[in-house]
Amino acid sequence: MKEIIDIVNAYDTANKQGKKTALATVVLVEGSAYRRAGARMLITEDGQLTGAISGGCLEGDALRKARLVILQQQPMLVTYDTTDDDDARLGVGLGCNGIIHILIEPVDDRQTNNPIAMLRAVVASKANTVLVTLFSVEHRKAPQPGTCLCLTDTGVFLNGLENTPYRLSLINDAEYVLENHRSEVKTYTSDNLTYTAFIEHIRPQMSLVIAGAGNDAIPLTKIASVLGWNVTVVDGRPNYATAERFPLTQQTLVAKPQQVLDGVSLNQWTAFVLMTHNYNYEIELLKHLLPCNLPYIGMLGPKKKLERMLAELEDSGIEITEDQMANIYGPVGLDIGSEGAEEIALSIIAEIKAVFSSRKGYSLKYKPTPIHAGLLKPVSSK
């Protein structure tokens, strides 16, 4: 999501400056590659790049092709075979042993549902969304529809699909992806032309609420900000919870524990970390958090502290379910040998990312399967 947000912001800046732009999207990967399908990069006519489609090896060539796309105002599908020696001699050999298909499309601000407008709809939505990019690998000289459908909680946005016979099938497939939270690649045939659709499921922006405005919370907000998370800091001390101390947060609140939930927005993509160093504040806040069934509640401090809190809550008549217990992480963070506030913040962020990605957080060296498991293959839609 951060890459999409950065691209939208960069486009707004370029548009104000009167610069023409193009959007490059990795639409299909066969084998292994540095970036998966869904990676994007905005390219301005003067060569400014926002986002990335590779580890840096494809960007130079993509820039040259993007300038042609901007000039001709026609989308272009480009394929890089990182297993091919010729590509290696051109300077795009990544050693990834894969084939990467990238669609480069011009952005016309006069067009209502242009690619950036659809990315903007994704950013505006606070729920899961689906973005569809349509292209033809078999017929490269045929029109490349590009970013043509966006499905959000507020409706369907279409671009150039009004007269296509597979329009309803594409919408149905997008609704299926939205329901199942898993991207798919489908093929559609029309007038003897075969089109491939990358139907991408996009998660909403991550949110992190930090209860505690001490100095050790500052590096936590900095790392979360780099990742593009929406960060809120809350504390009962007005001289600690200030915008001056936490300039990278979207919200800084001064609130008693029983008032915290009135000032924050919680959903299935919200992580909560308690690090106030105030036992009474945290046990009262934990009492209000438990019924929210958040996927992640982290507690800074020793395990005995958390065990004592949970025992006191149960003694007061509060029933704590197994599911609630499974979502409480205390002591908070991954075991990476952290010392100091910055390293502790790193371990906390890493654990949150692992939990929300349903990963264990161990070294990739020991992963028996490919890093990006389950690479997508085109499936015909009838």
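For the structure, see preceding data.
What you are looking at is a predicted structure, and each value in this text was computed from that prediction instead of being measured.

Thresholds applied
- Residues numbered from 1 in each chain as written.
- Predicted model: local features only at pLDDT ≥ 70, side-chain atom pairs only at ≥ 80, totals over all residues.
- Heavy atoms only, no water.
- Helix = DSSP H or I, 4+ residues; strand = E, 2+ residues; numbered from the N terminus.
- Expected span 1.5 Å × (residues − 1).
- Buried < 20%, exposed > 50% of the residue type's maximum accessible area, 1.4 Å probe, protein only.
- Arc of directions from axis to C-beta.
- Salt bridge = Lys/Arg side-chain N within 4 Å of Asp/Glu carboxyl O.
- Pairing = 2+ DSSP bridges.
- Axes fitted to C-alpha atoms, helices over the stretch in contact; angles between N-to-C directions.
- Contact = heavy atoms within 4.5 Å.

(A) Seen up close, helix α9 (residues 303-315). Taking 1.5 Å of rise per residue, the 13 residues of α9 would be expected to cover 18 Å, and the 18 Å separating its terminal C-alpha atoms lies within 8% of that figure. All buried positions along α9 are accounted for by Lys-305, Leu-306, Met-309, Leu-310 and Leu-313. All buried residues of α9 project into a common sector of 130° when viewed along the axis, lining one side. Structural note: α9 exposes Lys-304, Arg-308 and Asp-315 on the side pointing more than 90 degrees away from its buried face. Phi turns positive one or two residues past the end of α9, at Gly-317, with a value near 100°.

(B) Region of interest: the pattern of salt bridges. Scanning all chains against the criterion turns up 14 salt bridges. Among the ionic pairs, Asp-46 bridges to Lys-19, the shortest N-O distance being 2.9 Å. With Asp-46 in the loop between β2 (40-44) and β3 (49-51) and Lys-19 in the loop between α1 (2-16) and β1 (21-31), this pair connects stretches of sequence that are 27 residues apart. Residue Asp-46 is classed as partly exposed on the basis of its relative accessible area of 40%. With its nearest N and O atoms 3.1 Å apart, the salt bridge here joins Arg-308 to Glu-312. Pair noted here: Arg-308 and Glu-312 are both in helix α9, with a separation of four residues, about one helical turn.

(C) Representation of the sheet that holds β3 in the model. Strand order in the open sheet made by the five strands is β3-β2-β1-β5-β4, with antiparallel pairing throughout. Edge positions in the sheet fall to β3 and β4 (76-81), since each of these pairs with one other strand and no more. Averaged over neighbouring strand pairs, the angle between their axes works out to 25° when direction is ignored. Note that β4 and strand β5 (residues 98-107) share six bridges and pair antiparallel. Across the sheet, the residue bridging to Tyr-80 is Ile-100, located in β5. α1 contacts β1, β2, β3 and β5 of the sheet and is inclined by roughly 10° relative to β2.

(D) Up close: the sheet that holds strand β13 (residues 251-254). The strand order across the open sheet formed by six strands is β13-β12-β11-β14-β15-β16, and the pairing between neighbours is parallel. For this open sheet the edge positions go to β13 and β16 (328-329), each flanked by a neighbour on one side alone. Inspection of the sheet shows strand β12 (residues 230-235) paired to β13 by four bridges, in the parallel sense. By the bridge assignment, Thr-232 is partnered in β13 with Gln-251.

Fair warning: the whole summary comes from geometry, so function is off the table for now.
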